[in-house]
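Structure assessment
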Amino acid sequence: MLELQNICYRVSTPEGELDILRDISITIPDQRLMVFTGPNGGGKTTLTRLLNALAPSYYAGTLTGTISINGKSLTQMPQYTVARQIGSVFQDPKSQFFSSELAGETAFACENYGFSAEEIRDRTDDAIVSFDLNGFRSRNLDVLSSGEKQRVAIASVYALRPDFYVC
């Protein structure tokens with residue numbers, strides 16, 4: 001379960017302090033799909049950055065309230081632990097690519113977590129097949145359409161098999 005309790009997130013701007021999120025409380029049970037919608041500037045990206053622990057670590061701001069996954073505080077976990085449990089697909093998928101080819105990109109996270117070569121191959125192949133990407137194995141990722149790149153990015157996260165996905 002992913003829980004946010006009384007979340008407020010404030011950033012400094014040239015005009016002064018600005019509350020991006022104010023008093024957000026959400027419980028997301030396991031195996032549920034939650035969709036956050038709203039206008040540009042409404043805080044959706046900030047919320048995803050909080051859920052994958054990129055804010056306030058990499059995106060400056062002040063966080064109050066608690067965010068926890070399965071009862072453990074996200075702010076107390078190392079980033080690599082959060083990333084193993086909460087997979088992120090960025091708005092611009094190519095901004096998260098580390099490889100120019102499909103298998104390498106799909107295997108990347110599993111390699112970083114030290115999975116065995118056999119498990120990396122199995123997870124990579126499973127993700128590629130699951131997202132109907134077999135036809136792209138010989139193509140450079142740069143030439144794929146935006147939608148195809150998004151599928152590659154989601155498959156890359158899927159290969160790690162996190163508990164939650166943030167897109």
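Just so you know, these numbers come straight off a predicted model, no measurement behind them.

1. Description of the layout of surface pockets
Empty space within the largest pocket amounts to approximately 840 Å³. Lining the largest pocket we find 34 residues, and of these K44, T48, V89, V166 and C167 sit closest to its centre. Counting only elements with at least two residues in the lining of the largest pocket, the list comes to α1 (44-51) and β6 (164-166). Residues that form the lining of the largest pocket fall into these classes: 19 nonpolar, 11 polar and 4 charged.

2. Quick look at the pattern of salt bridges
A full pass over the atoms with the stated rule returns 5 salt bridges. Across the pair R123 and E119 runs a salt bridge, and its minimum N-O distance is 2.9 Å. Highlighted residues: R123 and E119, both in helix α4 (residues 117-130), separated by 4 residues, approximately one helical turn. Overall, the relative accessible area of 9% leaves R123 in the buried class. Through salt bridges with shared partners, a single ionic network connects R10, D19 and R22.

3. Examining the packing of aromatic side chains
Taken as a whole and judged by the stated rule, the model has 2 aromatic pairs. Arranged with centres 4.2 Å apart and planes meeting at 10°, the rings of F98 and F108 form a pair that is stacked. Placement of F98 in the loop between β5 (86-88) and α3 (102-112) and of F108 in helix α3 is noted, with a sequence separation of 10 residues between them. Where F131 meets Y158, the ring centres are 5.3 Å apart and the plane angle is 75°; that geometry is what we call edge-to-face. One end of the pair, F131, is in the loop between α4 and α5 (146-160); the other, Y158, is in helix α5, with 27 residues separating them in the sequence. Just above the ring of Y59 sits the side chain of R49; from NZ or CZ to the centre is 3.6 Å. Taking NZ or CZ as reference, R84 lies 6.0 Å from the ring centre of Y113, over its face.

Rules behind the numbers
- Residues numbered from 1 in each chain as written.
- Predicted model: local features only at pLDDT ≥ 70, side-chain atom pairs only at ≥ 80, totals over all residues.
- Heavy atoms only, no water.
- 1 Å grid on protein atoms, 1.4 Å probe; cavity = no way out; pocket = protein on both sides within 12 Å on 5 of 7 lines; lining within 4 Å.
- Points joined across faces, edges and corners; volume = space filled by probe spheres on them.
- Helix = DSSP H or I, 4+ residues; strand = E, 2+ residues; numbered from the N terminus.
- Nonpolar A, V, L, I, M, F, W, Y, C, P; charged D, E, K, R; others polar.
- Salt bridge = Lys/Arg side-chain N within 4 Å of Asp/Glu carboxyl O.
- Buried < 20%, exposed > 50% of the residue type's maximum accessible area, 1.4 Å probe, protein only.
- Phe/Tyr/Trp six-rings, centres within 6.5 Å; stacked < 30°, edge-to-face > 60°.
- Lys NZ or Arg CZ within 6 Å of the ring centre and 35° of its normal.

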